[in-house]
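Take a look at the letters that make up each chain.
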Amino acid sequence: MVRMIRESFAVVEPRAEEVAKFFYGMLFSLAPATREMFPANMEVQRSRLLRALVHVVQMVDRPDDLIPFLRQLGRDHRKFGVVNVHYESVGTALLAAVKKFAGAAWTPKVEMAWAEAYTIMARAMQEAAAADDGPAYWHATVLEHQRVSWDLAVVRLQPDHPVGYRAGQYVSVETPQRARLWRYYSPANAPRDDGIIEFHIRSVEGGWVSRSVVGHTQPGDVWRIGPPMGRLSVDRKSGRDVLMVAGGTGVAPMHAIIDEMAQWGENPRVHLFMGGRTREDLYDLDNLQRFAMTNPWLTVVPVLESDPGARGVEQGTLADVVTRYGAWEDRDVLVCGSPSMIRATVSRMLVAGTPLDRIKYDPFTLD
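The protein appears in an unreviewed UniProt entry as nitric oxide dioxygenase from Saccharothrix carnea.

Next comes the structure, spelled out in structure tokens:
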């Protein structure tokens, strides 16, 4: 089953954008009510579907990783009002989309493999949604909007009830300025007694939500926050030290994990490489260096791609610099940043000899 799914997906992946358009067209035809769950502009949603599919196909032979991911997706989709009947329509649309673009690679056996895999996926999502008796989302009021630079803001919110996330996880958010445009962001602080959550949000080109948040969010705005997702974390009892690799605002979940670890007296050694193109991109460097001054287990290495005159930093891409230090085969590795940065870094580390099962990253941490 694994081989047939991967081989057929490899055929359709070059036409992934067309697959996504066909999928949503078919879904809205089969279940017209689902159209109201999505924004008018579907571009980001199609991209998110493709990333989810790639992630699932990559993990299809690793159920210990795949099932927790699917269960988190099931809990998260409750915020849309998804019910069991919708899963049948999604499955029909997905198989029809892959079949249309797989051509001769689509055989009865391949169809059976996809149908069996989707049944397992849907069951995991449905069971998780049914078992979760928590809210589908939380309301949170903006307390503070701090413009760090022209394209970066720090936003602090007070949820109406505590959001039970773990340091390193991410959540989906919806802002009043961009209704139904949910985006995934990682809290930059460990859970606090007062429940306040801090987000670091950079305006990205063409980003309807990020540009709105950076430019127009005001104290008093009420956001909606979906259930926590993600698997970035540090096992303090594993006996292994930790390597963190963060690009841009991908440093936020690393900051949250370090914030939580700093509450303990003893920790594994943590080596954090934080990267950007210019010095401005290292907006959180001073805060993290202050952590390092009082926590000897933490080492922070700033990395710049396009600022050759900068001092006190490593030069090059994160992939270049991290692998220049070695394979890190004895470390647990956490990676966060843009999809392209994650792909480049993970690929280079695998070539350098880092074991795949030691590397953790999430597919939705930057939209």
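Next comes the rest of the description.
Student: Account for the overall build of the protein, with residues named and values stated.
Tutor: In terms of regular secondary structure, the protein is built from eleven helices and twelve strands. For 367 residues, the compact-globule estimate of 2.2 N^0.38 gives 21 Å, and the C-alpha radius of gyration of the protein, at 21 Å, lies within 12% of that figure. A principal-axis box enclosing the C-alpha atoms of the protein has dimensions of 60 × 50 × 40 Å. Per-residue burial over the protein gives 53% buried out of 367 residues. In the structure as shown, the protein presents an accessible area of about 17,000 Å², 52% of it carried by carbon and sulfur atoms.

Student: Could you give an account of the sheet that holds strand 3 (residues 171-174), naming the residues involved and the relevant values?
Tutor: Judged by pairing direction, the sheet is antiparallel, and its six strands sit side by side in the order 4-3-6-1-2-5 without closing on themselves. The outermost strands of the open sheet, each flanked by one partner alone, are strand 4 (183-185) and strand 5 (197-202). Strand-to-strand twist in this sheet, taken as the mean axis angle between neighbours without regard to direction, amounts to 40°. As judged from the four bridges shared by strand 1 (residues 138-149) and strand 6 (residues 222-225), these two strands associate in the antiparallel manner. Each bridged residue has a counterpart across the sheet, and for His139 the counterpart in strand 6 is Arg224. In this fold helix 7 (residues 208-216) packs onto strand 1, strand 2 (152-159), strand 4, strand 5 and strand 6, with an angle of close to 110° to the strand it touches most, strand 5.

Student: For the nonpolar core, give the residues involved together with the corresponding values.
Tutor: Ranked by internal contacts, the top residues of the largest apolar core, which has 48 residues, are Phe23, Tyr24, Leu70 and Trp114. Of all the elements in the fold, those that place two or more residues in this core are helix 1 (2-12), helix 2 (16-30), helix 3 (43-59), helix 4 (63-76), helix 5 (84-102) and helix 6 (108-131). Top element by residues in this core is helix 6. It accounts for nine residues. Shared between two domains, this core takes at least three residues from each, and those domains are domain 1 (1-131) and domain 2 (138-229). Setting aside residues up to four positions removed in sequence, Phe23 forms contacts with Leu49, Val90, Ala93, Leu94 and Ala97. In this structure, Met244, Leu285, Leu288 and Val300 belong to the second largest nonpolar core, which totals 30 residues.

Student: Summarise the domain arrangement of the protein; cite the residues concerned and give the values.
Tutor: Domain annotation of the protein identifies domain 1 (1-131), domain 2 (138-229) and domain 3 (241-361). For domain 2 versus domain 3, the distance between C-alpha centres works out to 23 Å. The interface is formed by 14 residues belonging to domain 2 together with 13 residues belonging to domain 3. In total, about 1,100 Å² of surface goes out of reach between domain 2 and domain 3, with carbon and sulfur atoms giving 61% of it. At the surface where domain 2 touches domain 3, the tally comes to one salt bridge. For Arg202, the salt bridge goes to Asp281, with nearest N and O atoms at 3.9 Å. Where domain 2 touches domain 3, the interface holds two residue pairs in polar contact (both at pLDDT 80 or more). Looking at the side of domain 2 that touches domain 3, the elements with two or more residues in it are strand 1 and strand 5. Counted by class, the side of domain 2 that touches domain 3 contains eight nonpolar, five polar and one charged residues.

Student: Requested: an account of the UniProt feature "domain: Globin" (unreviewed entry) in the protein, with residues and values cited.
Tutor: Residues annotated by UniProt as "domain: Globin" (unreviewed entry) correspond here to residues 1-130. In residues 1-130, the share of helix is 76% and the share of strand is 0%. The end C-alpha atoms are 28 Å apart.

Student: Report on the UniProt feature "domain: FAD-binding FR-type" (unreviewed entry) in the protein, specifying residues and quantitative values.
Tutor: Under the local residue numbering, the UniProt record ascribes the feature "domain: FAD-binding FR-type" (unreviewed entry) to residues 135-235. Counted over residues 135-235, helix gives 9% and strand 37%. Its end C-alpha atoms are 28 Å apart.

Student: Explain the pattern of salt bridges to me, and be specific about the residues and the numbers.
Tutor: Scanning the model with the defined rule gives 19 salt bridges in all. The shortest N-O distance in the salt bridge between Glu36 and Arg180 comes to 3.7 Å. Of this pair, Glu36 sits in the loop between helix 2 and helix 3 while Arg180 sits in the loop between strand 3 and strand 4, and the two are 144 residues apart along the sequence. A relative accessible area of 59% means that Glu36 is categorised as exposed. Here Arg180 falls in the partly exposed class, since its relative accessible area comes to 33%.

Student: Tell me about the sheet that holds strand 7 (residues 241-247), residues and numbers included.
Tutor: As summarised here, the arrangement of the six strands in space is 10-9-8-7-11-12, forming an open sheet in which the pairing is parallel. Sheet topology places strand 10 (314-315) and strand 12 (359-360) at the edges, where each strand pairs with a single neighbour. Strand direction decides the pairing type here: strand 8 (residues 270-276) and strand 9 (residues 298-304), joined by seven bridges, are parallel. Pairing of Leu272 across the sheet is with Val300, part of strand 9. Sitting on the sheet, helix 8 (residues 251-261) touches strand 7, strand 8, strand 9 and strand 11 (331-336), and the angle it makes with strand 7 is about 145°.

Student: Outline the pairing of strand 1, supporting the account with residue identities and numerical values.
Tutor: Taken together, the eight bridges between strand 1 and strand 2 define a ladder with antiparallel strand orientation. Bridging from a neighbouring strand, Glu144 pairs with Arg156 of strand 2. In textbook terms, the turn of a hairpin is the stretch between consecutive antiparallel strands, and for strand 1 and strand 2 this stretch comprises two residues.

What counts and what doesn't
- Residues numbered from 1 in each chain as written.
- Predicted model: local features only at pLDDT ≥ 70, side-chain atom pairs only at ≥ 80, totals over all residues.
- Heavy atoms only, no water.
- Helix = DSSP H or I, 4+ residues; strand = E, 2+ residues; numbered from the N terminus.
- Rg over C-alpha atoms; globule rule 2.2 N^0.38 Å.
- Buried < 20%, exposed > 50% of the residue type's maximum accessible area, 1.4 Å probe, protein only.
- Areas by Shrake-Rupley, 256 points an atom, 1.4 Å probe, with all protein chains shown as cover.
- Pairing = 2+ DSSP bridges.
- Axes fitted to C-alpha atoms, helices over the stretch in contact; angles between N-to-C directions.
- Contact = heavy atoms within 4.5 Å.
- Core = buried A, V, L, I, M, F, W, Y, C linked by side-chain atoms within 4.5 Å.
- Domains from an automatic or database assignment.
- Buried area = accessible area lost by both parts, 1.4 Å probe.
- Salt bridge = Lys/Arg side-chain N within 4 Å of Asp/Glu carboxyl O.
- Polar contact = N/O pair within 3.5 Å; in protein donor to acceptor, adjacent residues only side chain to side chain.
- Nonpolar A, V, L, I, M, F, W, Y, C, P; charged D, E, K, R; others polar.
- UniProt positions renumbered as here; feature names shortened; annotations may be inferred.

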